[in-house]
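If you want the building blocks of each chain, they are given just below.
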Amino acid sequence: MVSKPNRLVLFDIDGTLLRGAGPHHEQALVEAIRRVTGISTTLDGVATSGMLDRDLIVRMLLDSGCSRSRIHASLVQIAKEMRRAYVRNCATDLRAAVCGGVLEFLEQLRQQPITLGLVTGNLSTIAWKKVELAGLRGFFSVGAFSEDGATRTDLARIAAHRARTRRLIQANARIAVIGDHSNDIQAAKANGFRAIAVATGFTSLGELQAFQPDVAVQTLHELTPDELWRN
């Protein structure tokens, strides 16, 4: 019997796997909110990096003067419309948006007994569609997404739990989170996972290092699978 992998590596998407994936995600947010509430919103002035889609919806509606009670009542339907809007209008090919070193690093990981997953603030349908369009879907077998938890810390824990319950990893498997934002580092640390920071998003390497990740690199070109676990 082949033993289950004893390692799990969880990747953020935007800024980590992909950069410059186009305006389609933002457009889906705006369109979904308008369809459900009739309110015209914008992400102008909103720092989207590291945020969950659900939090972006709340922020956009609050900035438009919508009450919290109305926002809460609309969230599920907005998320549903957002999934539809993204799939309907998204790019047809995101391979050019894949960050430097990603494909090579994923190929290296796939050669080892390591399970790969996603931890992202994207809604699940949007997340899987992005990695599919980027040619990366076949690397990932599990994930946790905006609709699964209130914080990125929750999502990292949920993704690990799913990997264990689906018997994708051993119960005592070591786990690493790779991301481009301080929220990814904090989520890893809060769960006792390895925190791997990569500066391919909007946060500089120096800013990421201030949050004391276990490993920090400029791009995934600089990382090897062994370095994920090296103390």
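That block above? That's the structure.
Bear in mind that the values here come from a model prediction, so they are computed numbers and not experimental data.

**Student:** Would you mind showing me how to read the overall build of the protein chain here?
**Tutor:** Each helix and strand in the protein chain was counted, giving 8 helices and 6 strands. Scanning the protein chain from its N terminus toward the C terminus, one meets helices and strands in the order β-α-α-α-α-β-α-β-α-β-α-β-α-β. Computed over the C-alpha atoms, the radius of gyration of the protein chain is 18 Å, within 12% of the 17 Å expected from 2.2 N^0.38 for a compact globule of 231 residues. For the protein chain, the C-alpha atoms occupy an extent of roughly 55 × 40 × 35 Å along the three principal directions. Relative to its full complement of 231 residues, the protein chain shows a buried share of 51%. Sequence-distant contacts, at least 24 apart, represent 69% of the contacts inside the protein chain between residues at least 6 apart. For the protein chain, the computed accessible surface area is about 10,700 Å², with 48% contributed by carbon and sulfur atoms. Distance from the positive charge centre (28 side chains) to the negative charge centre (23 side chains) of the protein chain: 8 Å.

**Student:** Got a minute to help me understand the sheet that holds strand 5 (residues 194-198) in this structure?
**Tutor:** The pairing of strands in a sheet comes from backbone hydrogen bonds and takes either a parallel or an antiparallel form. Judged by pairing direction, the sheet is parallel, and its 6 strands sit side by side in the order 3-2-1-4-5-6 without closing on themselves. Two strands bound the open sheet, and with one partner strand each, they are strand 3 (142-144) and strand 6 (215-217). Averaged over all pairs of adjacent strands, the angle between their axes in this sheet comes to 20°, without regard to strand direction. Summarising the sheet, strand 1 (residues 7-11) and strand 4 (residues 174-179) pair through 5 bridges and their orientation is parallel. The partner of Leu10 across the bridge, within strand 4, is Val177. Against the sheet, helix 4 (residues 102-110) touches strand 1, strand 2 (114-119) and strand 4, its axis set at about 160° to strand 1.

About the thresholds
Residues numbered from 1 in each chain as written. Predicted model: local features only at pLDDT ≥ 70, side-chain atom pairs only at ≥ 80, totals over all residues. Heavy atoms only, no water. Helix = DSSP H or I, 4+ residues; strand = E, 2+ residues; numbered from the N terminus. Rg over C-alpha atoms; globule rule 2.2 N^0.38 Å. Buried < 20%, exposed > 50% of the residue type's maximum accessible area, 1.4 Å probe, protein only. Contact = heavy atoms within 4.5 Å. Areas by Shrake-Rupley, 256 points an atom, 1.4 Å probe, with all protein chains shown as cover. Lys, Arg positive; Asp, Glu negative; His and termini not counted. Charge placed at Lys NZ, Arg CZ, Asp CG, Glu CD. Pairing = 2+ DSSP bridges. Axes fitted to C-alpha atoms, helices over the stretch in contact; angles between N-to-C directions.

Geometric descriptors of this kind do not, in isolation, establish any biological role.
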